[in-house]
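Residue-level structure breakdown
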Amino acid sequence: MSARLIESMGLLCQLLEQASPEIAASALLSEDKYAATGEALIHERLLSTGTVRSYVTCPECLVENARLVKPCNDSNVLLFCDDCGDIECPRSVLQTYTVNVARVVERLSASLSLPLASRKAIGPNSSWRLGIQERRRGAATTWYFGRRLSRACEAKALVDQIKLDQAARSAKILTSTRLPLCASSPLAGYEIIELPSVARLSQSRFLFYDNRLQDVEHPSAEDAPSGNSLAYVRSRRCAYVNGIKYQLESMQQKILLALMDAHAHRLEAQQIAARCGSSAFPFQPIKYFGRNPLVYKTFVRYLAGDKLYVLAEGD
Ligand SMILES: [Zn+2]
């Protein structure tokens, strides 16, 4: 039972990554690799019956299309294939199943005990703010769920909402997409978690492995970048230079994030000040890196001619 429910998460995510999260009943329920997991998803009402097709891949030759001619009786239909001719087969070969995406989202929120009031759909059926969770006073986590995040347009819509929510530093994004995303994704640097790695299907809910969510917060040294990286500035307030971790002071984090989030990663000094909430004038970023000079030297460049600070991506 348990292994089947774990595998069901994989199938659910695979379907969620399709433009239309639909699967033919014949594939879902007859192919060995899906049968048990598919039934579990149907039982949990995460898959509902979808459209009935009038064409299917011919069940005889498995090559040509076979079209529906007429129903034979309550349970069988007559199909016609150019190669095989008339074929009588169970009506279920024409049936499809579709992921009930709304129910997936509702169940994710409920399973994380998130208040309904903070849930919001973002973009057309692609990502959602699941809700805000206050772990302790003043420390909130804003949970999001996104599907198809390897597509730049879906990723951007989600990032735009996170910025509107002013949740860049508190965002945790669950996804059905396989990670990692490419380095140029608008979501680069955000904390993204593959759903099957932290949760499995359970009865009427998703069961989150709390210890794995903790692991995401306190990652092991194994996933530390080996070279220069700003990937963890936002989520863990640290930067890596030559594989060595440098914990950042709050202002250092704000300055780097200001540049990371800026168009073309370029800003004037006072624009950085504004984004960091500083009223210092003139604003000189280097002054804030007294204890982390190597981080500054590695990631920030000043273009004297343009009076612009730019982010050096560390290479
Ligand atoms: Zn055929």
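Cut-off values and rules
Residues numbered from 1 in each chain as written. Predicted model: local features only at pLDDT ≥ 70, side-chain atom pairs only at ≥ 80, totals over all residues. Pairing = 2+ DSSP bridges. Helix = DSSP H or I, 4+ residues; strand = E, 2+ residues; numbered from the N terminus. Axes fitted to C-alpha atoms, helices over the stretch in contact; angles between N-to-C directions. Contact = placed C-beta atoms within 7 Å. Buried ≥ 20, exposed ≤ 12 C-beta atoms within 10 Å, placed from the backbone. Arc of directions from axis to C-beta. Domains from an automatic or database assignment. Nonpolar A, V, L, I, M, F, W, Y, C, P; charged D, E, K, R; others polar.

1. Describing the sheet that holds strand S1 (residues 22-24)
- Taken in spatial order, the three strands make up an open sheet running S1-S7-S2, and their pairing is antiparallel. Of all the strands in the sheet, the pair left with one neighbour each is S1 and strand S2 (47-52). Looking at each pair of strands side by side, their axes are set apart by 35 degrees on average, direction ignored.
- Sheet topology places S1 next to strand S7 (residues 95-99); three bridges connect them, and they run antiparallel. Bridged to glutamate 22 within S7 is threonine 98.

2. Let's talk about the sheet that holds strand S18 (residues 300-303)
- The strand order across the open sheet built from three strands is S17-S19-S18, with neighbouring strands paired in antiparallel fashion. Two strands bound the open sheet, and with one partner strand each, they are strand S17 (266-267) and S18.
- Two strands pair when backbone bridges link them, and S18 and strand S19 (residues 308-311) are joined in this way by four bridges, in the antiparallel orientation. Within S19, the residue paired with leucine 303 across the bridge is leucine 308.
- Together, S17, S18 and S19 form the strand contacts of helix H9 (residues 250-261), whose direction differs from that of S19 by roughly 85 degrees.

3. Thoughts on helix H3 (residues 35-43)
- Among the residues of H3, Thr37, Gly38, Ala40 and Leu41 are the ones counted as buried. One side of H3 carries all its buried residues, which in axial view fall inside an arc of 160 degrees.
- In the segment just after H3, arginine 45 is the residue with positive phi, at about 60 degrees.

4. Re the domain arrangement of the protein
- Domain assignment breaks the protein into domain 1 (2-99), domain 2 (101-218) and domain 3 (233-311).
- Each of domain 1 and domain 2 has a C-alpha centre, and the two are 30 Å apart.
- The partner domain 2 presents 13 residues to the 14 residues of domain 1 that form the contact.
- Top element by residues in the side of domain 1 that touches domain 2 is helix H1 (residues 2-16). It accounts for seven residues.
- The residue makeup of the side of domain 1 that touches domain 2, split by class, is nine nonpolar, two polar and three charged.

5. Looking at unusual backbone geometry
- In the segment running from leucine 179 into proline 180, the intervening peptide bond is cis, with an omega of 0 degrees.
- As for its placement among the helices and strands, proline 180 is situated in the loop between strand S11 (171-175) and strand S12 (192-194).
- Between phenylalanine 281 and proline 282 the backbone carries a cis peptide bond, its omega angle lying at -10 degrees.
- Summarising the element assignment, proline 282 is placed in the loop between helix H10 (269-276) and helix H11 (293-299).
- One non-glycine residue with positive phi stands out, namely leucine 62, at about 60 degrees.
- Relative to the assigned elements, leucine 62 resides in the loop between strand S3 (55-57) and strand S4 (65-71).
- For leucine 62, a count of 7 C-beta atoms within 10 Å gives the class exposed.
- Residue arginine 148 is not a glycine yet carries a positive backbone phi of 60 degrees.

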